[in-house]
Amino acid sequence: MTTIAVENPATGAVIGTVPDLTADDVAAAARRARDAQSAWADLGYDGRAVVLRRMQRWIVRHTDEVIATICSETGKAYEDALLAEVSYGAAAFGFWARQAPRYLADVRVRSAQPLVAGKRLVHRYRPMGLVGVIGPWNYPLTNSFGDCIPALAAGNAVLLKPSEITPLTSLLLAEGLRECGLPDGVFEVVTGRGATGAALVDEVDMVMFTGSTSTGRLVAARAAERLIPASLELGGKDPMIVLADADLERASTHAAYYSMLNCGQTCISIERCYVEAPVYDRFVELVTAKVAALRQGVPAGPGSVDVGSLTFPPQVDVVDRHVSEALAAGARALVGGQRPERRGHWYPPTVLVDVDHDMAIMREETFGPTLPIMKVPDADEAVRLANDSDYGLCASVFGGDLERAEQVARRIDAGAVAVNDAVVNYTALELPMGGAKPASGVGRRHGREGITKYCRQQSLLISRWHLRHDVHTYPYRPGRSRLLARVLAVLNRGRRTA
Ligand code: NDP
């Protein structure tokens, strides 16, 4: 069997190998998963919740080991793994254990239609069967493994294909699930490259994909060939708008933090910033000081560094190209801006000004530690530029007049917008999250749709009346039909069926 070497991107050291599974291997895993699924579904919500809650406690007990694994394969800072991964994962197990029975409970439906009068109508959810999850490398727990949790809570078996760059976290968590009593076969990690992901799409009943827009398109096309649903969480180029009455301390702290968090490799990180002219100079001054003070280095436990390395080797080239092209076209780097000569995969926290909207750094997903800042005459121009993008994942608006800031937020074409905040909306598992434009994805994670998408839907109609005939059925008789026509005409004239 061929294997894939896993590297610590901060040091360049090889830290493990995983199998590069073939399509046959994936098909065998799918068979095992299908065999195991019905017993898992039969456990019911309470039975499954026992395992999910055990896993919540397992993550808390194994925090250090999980963080060490995440940091070693991503190069991210300890706190990035603690706050955005371990804490998310533990909370998600508790949340879906508690909410699955509520979100997926039978819904009693009322209808004004006369032909179903007196009958019981029910809308219900059943597990899809076998769900495939394909994930990216930037958040191996939150974005790869995290999407498996509601799928399991709904009673599905799950195959997870993590990124070839960061498979170790998923394998560790699969071990945890086994220790917590998840029956064999219900959850399997199929490691491999893109071909393994493609093979997964050919086996499952539904695919949940998180990754780039270009791969998302391939996954959607392959899923469409089989007519299986695909939920896609894709790229972003999230704008931040700073209005003239904003609290600049708060706005600049958030700009520095949420553009550099996870070395900028967050789908909803602040990727570009528009500042109203009167406060532009002061805002730039504050952000520059805050970003210049960041400590970047190889993570070595709590508080050791603020910013780690990049995770995906080719990402350094993307960041370097965006910054170099911007500098060549007249932008200025107030902090960073130059690729270092250093073992591992590094780019320094970088603040750019004098950027314009033709530059790749303002239009394409950079996915690195960069913050380009642009001066705008007013909020209208900020909104116009924020919306001038193929992407529409998240956005943020900072302003002192909350009503005005909210009005600005409502004009932004993004799946989620935060006012005087950014990114943390992701941690509210009750709040749906997903793209508003196709390049940022189709479908939602979190909230009700975050679990109903893993289900087949069934509508039930139960006739409780013990009549031999309903009034509209055979045999047709002239008198009865005329009476029926009159009744229907009256009903359809009135408000009841509106
Ligand atoms: P990719 O699209 O490159 O890869 C995502 C996953 O798809 C990986 O596991 C990859 O495997 C796999 N894959 C590659 N080719 C195929 C294929 N033909 N069929 C099926 N699967 C395939 O994304 P990245 O890993 O580079 O992740 C970064 C991107 O993810 C960014 O654009 C970011 O914005 C987005 N993202 C979006 C989020 C959201 O919630 N909207 C959250 C997090 C990230 P392998 O890695 O082994 O090649």
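Look up a bit, the structure's there.
Values in this document were obtained by computation on a predicted structure and should not be read as measured data.

S.K.: How would you sum up the pairing of strand E9 (residues 230–233)? Please name residues and give values.
M.R.: Where strand E8 (residues 206–210) meets E9, four bridges bridge the pair, whose relative direction is parallel. Within the sheet, the bridge partner assigned to threonine 210 lies in E9 and is glutamate 233. A crossover links E8 with its parallel partner E9, the connecting element being helix H9 (residues 213–226), and its sense is right-handed.

S.K.: Explain the packing of aromatic side chains to me, using residue names and the numbers behind them.
M.R.: Applying the stated rule across the entire model yields ten aromatic pairs. The interplanar angle of 85° and the centroid separation of 4.8 Å between the aromatic rings of phenylalanine 95 and tryptophan 96 together place this pair among those described as edge-to-face. Here phenylalanine 95 falls in the buried class, since its relative accessible area comes to 3%. The class of tryptophan 96 is buried, set by a relative accessible area of 1%. Ring geometry for phenylalanine 145 and phenylalanine 187: centres 5.6 Å apart, planes at 90°, overall edge-to-face.

S.K.: Just give me the short version of the site of the ligand, but keep the residues and values in it.
M.R.: Taken together, 30 residues lie near the ligand, and Gly135, Ser212, Leu234, Glu365 and Arg445 sit nearest. At a separation of 2.8 Å, an oxygen atom of the ligand approaches a polar side-chain atom of tryptophan 137. The protein chains hide 88% of the 900 Å² of surface that the ligand would expose on its own. Here the ligand is seated within the largest pocket. Broken down by secondary-structure element, the contributors of at least two residues to the shell around the ligand are helix H8 (194–201), E8 and H9. In the shell around the ligand, the residues fall into twelve nonpolar, twelve polar and six charged.

S.K.: Give a description of the nonpolar core that names residues and reports values.
M.R.: With 121 residues, the main nonpolar core has Phe145, Phe187, Met240, Ile241, Val242, Phe283 and Ile373 as its most contacted residues. Here this core takes twelve residues from helix H4 (residues 78–103), the largest share from any one element. If we ignore the near neighbours within four places in the chain, the residues touching valine 242 are Leu248, Ala251, Cys273, Tyr274, Val275, Glu276, Val279, Phe283 and Phe398. Ranked by size, the runner-up nonpolar core spans 21 residues in total, among them Ala29, Ala30, Leu200 and Val204.

S.K.: Before we move on, could you go through empty space enclosed by the protein and cite the residues and values that matter?
M.R.: Across all of its chains, the model carries three cavities of 30 Å³ or more by this definition. Computed from the structure, the largest cavity encloses a volume of approximately 60 Å³. Breaking the lining of the largest cavity down by element, the ones donating at least two residues are strand E10 (238–242) and strand E15 (394–398). Top element by residues in the lining of the largest cavity is E15. It accounts for three residues. For the lining of the largest cavity, the per-class residue count stands at eight nonpolar, two polar and one charged.

S.K.: Describe the environment of alanine 416, and please don't skip the residues or the numbers.
M.R.: Inspection of the secondary structure puts alanine 416 in strand E16 (residues 416–419). Sequence spacing of alanine 416 and isoleucine 268 is 148 residues, and the spatial spacing of their C-alpha atoms is 9.5 Å. Residues contacting alanine 416, with those up to four places away along its chain left out, are Leu393, Cys394, Ala395 and Asn425.

Conventions we followed
Residues numbered from 1 in each chain as written. Predicted model: local features only at pLDDT ≥ 70, side-chain atom pairs only at ≥ 80, totals over all residues. Heavy atoms only, no water. Pairing = 2+ DSSP bridges. Helix = DSSP H or I, 4+ residues; strand = E, 2+ residues; numbered from the N terminus. Right-handed = clockwise from strand over helix to strand, strands pointing away. Phe/Tyr/Trp six-rings, centres within 6.5 Å; stacked < 30°, edge-to-face > 60°. Buried < 20%, exposed > 50% of the residue type's maximum accessible area, 1.4 Å probe, protein only. Near = heavy atom within 4 Å. Polar contact = N/O pair within 3.5 Å; in protein donor to acceptor, adjacent residues only side chain to side chain. Areas by Shrake-Rupley, 256 points an atom, 1.4 Å probe, with all protein chains shown as cover. 1 Å grid on protein atoms, 1.4 Å probe; cavity = no way out; pocket = protein on both sides within 12 Å on 5 of 7 lines; lining within 4 Å. Sits in = over half its atoms within 2 Å of the grid points. Nonpolar A, V, L, I, M, F, W, Y, C, P; charged D, E, K, R; others polar. Core = buried A, V, L, I, M, F, W, Y, C linked by side-chain atoms within 4.5 Å. Contact = heavy atoms within 4.5 Å. Points joined across faces, edges and corners; volume = space filled by probe spheres on them.

Keep in mind these numbers describe shape, not what the thing actually does.
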